[in-house]
Amino acid sequence: MDPFDAGAGGLLKQPKSVWATAGASVVAFMGIGLVDPILPSIAQGLDATASQVSLLFTSYFLITAVAMLVTGFVSSRIGGRRTLLLGLAFVVVFAGLAGTSGSVGELVGFRAGWGLGNALFVSTALAVIVGAAAGGSAAAILLYESALGLGMACGPLLGALLGDASWRYPFFGTAFLMAVGFLCITVFLKEQPKPARKTSLLDPIKALGHGGLASAAVSAFFYNYTFFTVLAFTPFVLNMSPYRSGAVFFAWGVLLAVFSVIVAPLLQKRFGSLKVLGGSLVLLAADVLVLGYGSHTAAVVCTILSGAFIGVNNTVYTELALGVSDAPRPVASAGYNFVRWFAAAAAPFFAPKIEEWTDVHVPFVVAALTAVAGAAVVVVRRKALTGETEEPEPKHATGDSVTVFAN
């Protein structure tokens, strides 16, 4: 079946519950890049340093990492619909509170609560969409991945448009949009059956005992440090107005979406997952080196171009993480994400600290080295990572969406 077919079960013929969940997913993913264009404005408005403001990402993703062990435990007990609503409620409350912050400490704390809500929501949304979608999982997954790409691309734009008036407005805007999503899911989404087996808090940790899954998680840990150095530290290096920075990261998000949904599967089919991943990681390393040492124009171009490599990497890591072990996919994904999200928390903290200790170039050298380290793990652990995903035609069961924010 062609997922783009407008007939029954096609991408455009989905129940209202699916559209409501997908729409809320767009806003959830927008919240990730929302603060990118306004990081310098926040630092100025709260009289904070770059390293202090970067803690907005650290607190957010540290909570997200820990929450990976909790989301399956919660959703398997209260059901997908209630988990979605609980996550949305957290985001509405904490995003709104973030806009009222009087200090960077308050803002960092509210972002942590926001991260918990986002983890509960996005870790459940894919399963809900697949369960409620018409015509099988292909169209549902494509719709979810499209929501991911649209959210990642539009988040910086929303941040720029609202943040040009005040750095507080993007937070209020997100709270409002998520409140709309809460109402839509309340009205249109019916509760789905609970899983037959309840997930324990330790199941994701036990799943990491599999050598292939552990290798994928370690490689992704190094890669995520590079990814979030670009996302969280580059806005300070570019030092552009919210509008210009928003345009740069919008273009970055478009490339991420296109290469994740369209290009990565084609490359995997042609060359195999591990070759594509290793090559993309090395190219990303070269890209961030030029970003750090090139002219301002080169930094802008390389920031945008990094979205292509990040999109490819995200999709391939999903295939590896969810196909290499025999653990249930939600459990394998939770264990994998538990490891790699710690790097997303570490990079925004260490990159500005490294700049303070050395100079503005060295954080990108470190980011390039971590990308190469990720590629080295792929090479050294090739046998452990080789499985169904390394066949000439790898399966695409979940796509980038799970890798970036789900389960």
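### Overview of the overall build of the chain
Helix and strand content of the chain: 17 helices and zero strands. Evaluated residue by residue, the chain yields a buried proportion of 58% over its 407 residues. In the chain, the share of contacts with a sequence separation of at least 24, taken over all contacts with a separation of at least 6, comes to 86%. Of the roughly 14900 Å² of accessible surface on the chain, 69% is carried by carbon and sulfur atoms.

### Details of the packing of aromatic side chains
Tallied over the entire structure, the rule returns 17 aromatic pairs. An aromatic cluster is built from Tyr 60, Phe 61, Trp 114, Trp 167, Phe 171, Tyr 223, Phe 227, Phe 228, Phe 249, Trp 252, Tyr 317 and Trp 341, whose rings are joined through pairwise contacts. Over the ring of Trp 114 we find Arg 111; its NZ or CZ atom is 4.8 Å from the centre of that ring. Cation over ring: Arg 340 sits above Trp 341, and NZ or CZ is 4.5 Å from the ring centre.

### Brief notes about the nonpolar core
Counting 118 residues, the largest nonpolar core has Ile 42, Phe 61, Phe 121, Phe 171, Ile 185 and Trp 252 as the members making the most contacts within it. Counting residues per element, this core draws most heavily on helix H10 (residues 211–238), which supplies 14 residues.

### Focus on the environment of Gly 79
Among the structural elements, Gly 79 can be located in the loop between helix H4 (55–78) and helix H5 (80–98). Considering only alpha carbons, one finds Gly 79 and Pro 193, 114 residues apart in sequence, at a separation of 7.1 Å. Excluding residues that lie within four positions of it along the chain, Gly 79 makes contacts with Val 74, Glu 191 and Lys 194.

### Remarks on the packing of helix H14 (residues 329–357) against helix H15 (residues 362–380)
Running from amino to carboxyl end, H14 crosses H15 at an angle of 135°, the nearest separation of the two axes being 8 Å. Viewed along their axes, H14 and H15 adopt a mutual orientation that is oblique. Across the interface between the two elements, Ala 351, Ile 354 and Glu 355 from H14 touch Val 362, Pro 363 and Val 366 from H15. Partitioning the contact of H14 with H15 into residue classes produces five nonpolar, no polar and one charged.

### As for the side chain of Ser 306
Structurally, Ser 306 can be placed in helix H13 (residues 296–323). A polar atom in the side chain of Ser 306 sits 3.4 Å from the side chain of Trp 252. Sequence-distant contacts of Ser 306, defined by excluding residues within four places in its chain, comprise Val 230, Trp 252, Leu 284 and Asp 287.

### Some thoughts on H14
Relative to the 42 Å expected for 29 residues at 1.5 Å per residue, H14 spans 42 Å between its end C-alpha atoms, a close match to the ideal helical length. The sharpest bend along H14 measures roughly 30° and falls at Ala 346, with the proline Pro 348 sitting one to four residues further on.

### Some thoughts on unusual backbone geometry
You will see that Asp 47, though not glycine, has its phi angle at about 50°, which is positive. Assignment of secondary structure puts Asp 47 in the loop between helix H2 (39–45) and helix H3 (50–53). Located in the positive-phi region is Asn 239, a residue other than glycine, with phi close to 50°. On the secondary structure map, Asn 239 appears in the loop between H10 and helix H11 (242–271).

### A look at a nonpolar patch on the surface
The grouping of Val 70, Leu 201, Leu 202 and Ile 205 at the surface amounts to a nonpolar patch, some 310 Å² of accessible area in total. Residue position: Ile 205 is located in helix H9 (residues 203–207).

### Regarding the packing of H11 against helix H12 (residues 273–293)
Put simply, H11 and H12 touch, their axes get as near as 7 Å, and they point 120° apart. Our classification of the angle between H11 and H12 gives oblique. Mapping the contact onto sequence places Leu 267, Gln 268 and Phe 271 in H11 and Ser 273, Lys 275 and Val 276 in H12. Split into classes, the residues belonging to the contact of H11 with H12 amount to three nonpolar, two polar and one charged.

### Here we look at H13
Every α-helix winds through 3.6 residues per turn, so residues three or four apart in the chain are directed the same way. For H13, built from 28 residues, the straight-helix expectation of 40 Å at 1.5 Å per residue is met to within 8% by its first-to-last C-alpha distance of 41 Å. The buried fraction of H13 is high, at 22 of 28 residues.

### With respect to the environment of Ser 333
Within the secondary structure layout, Ser 333 lies in helix H14. Sequence spacing of Ser 333 and Ser 123 is 210 residues, and the spatial spacing of their C-alpha atoms is 9.4 Å.

### With respect to the confidence of the model for the chain
Low pLDDT means the predicted coordinates in that region are not meant to be read closely. Mean pLDDT for the chain: 83, with 89% of residues reaching 70 or above. Least confident of the elements in the chain is helix H17 (residues 400–404), whose mean pLDDT is 41; most confident is H15, at 97. The model gives residues 388–407 a pLDDT under 50, and that stretch makes 83 contacts with residues more than four places away or in other chains.

### Side note on the environment of Pro 156
Topologically, Pro 156 is positioned in helix H7 (residues 137–163). A relative accessible area of 1% places Pro 156 in the buried class. A sequence separation of 94 residues divides Pro 156 from Phe 250, and the C-alpha atoms of the two residues are 6.0 Å apart. Ignoring anything within four residues of it in the chain, the contact list for Pro 156 reads Gly 33, Pro 37, Gly 246, Phe 249 and Phe 250.

What counts as what
Residues numbered from 1 in each chain as written. Predicted model: local features only at pLDDT ≥ 70, side-chain atom pairs only at ≥ 80, totals over all residues. Heavy atoms only, no water. Helix = DSSP H or I, 4+ residues; strand = E, 2+ residues; numbered from the N terminus. Buried < 20%, exposed > 50% of the residue type's maximum accessible area, 1.4 Å probe, protein only. Contact = heavy atoms within 4.5 Å. Areas by Shrake-Rupley, 256 points an atom, 1.4 Å probe, with all protein chains shown as cover. Phe/Tyr/Trp six-rings, centres within 6.5 Å; stacked < 30°, edge-to-face > 60°. Lys NZ or Arg CZ within 6 Å of the ring centre and 35° of its normal. Core = buried A, V, L, I, M, F, W, Y, C linked by side-chain atoms within 4.5 Å. Axes fitted to C-alpha atoms, helices over the stretch in contact; angles between N-to-C directions. Parallel < 35°, antiparallel > 145°, perpendicular 65-115°, else oblique. Nonpolar A, V, L, I, M, F, W, Y, C, P; charged D, E, K, R; others polar. Polar contact = N/O pair within 3.5 Å; in protein donor to acceptor, adjacent residues only side chain to side chain. Expected span 1.5 Å × (residues − 1). Bend = angle between axes of the 7 residues up to and from the residue. Patch = residues over 30% accessible without salt bridge, like charges linked within 9 Å, V, L, I, M, F, W, Y side chains within 5 Å. Salt bridge = Lys/Arg side-chain N within 4 Å of Asp/Glu carboxyl O. pLDDT = per-residue confidence, 0-100.

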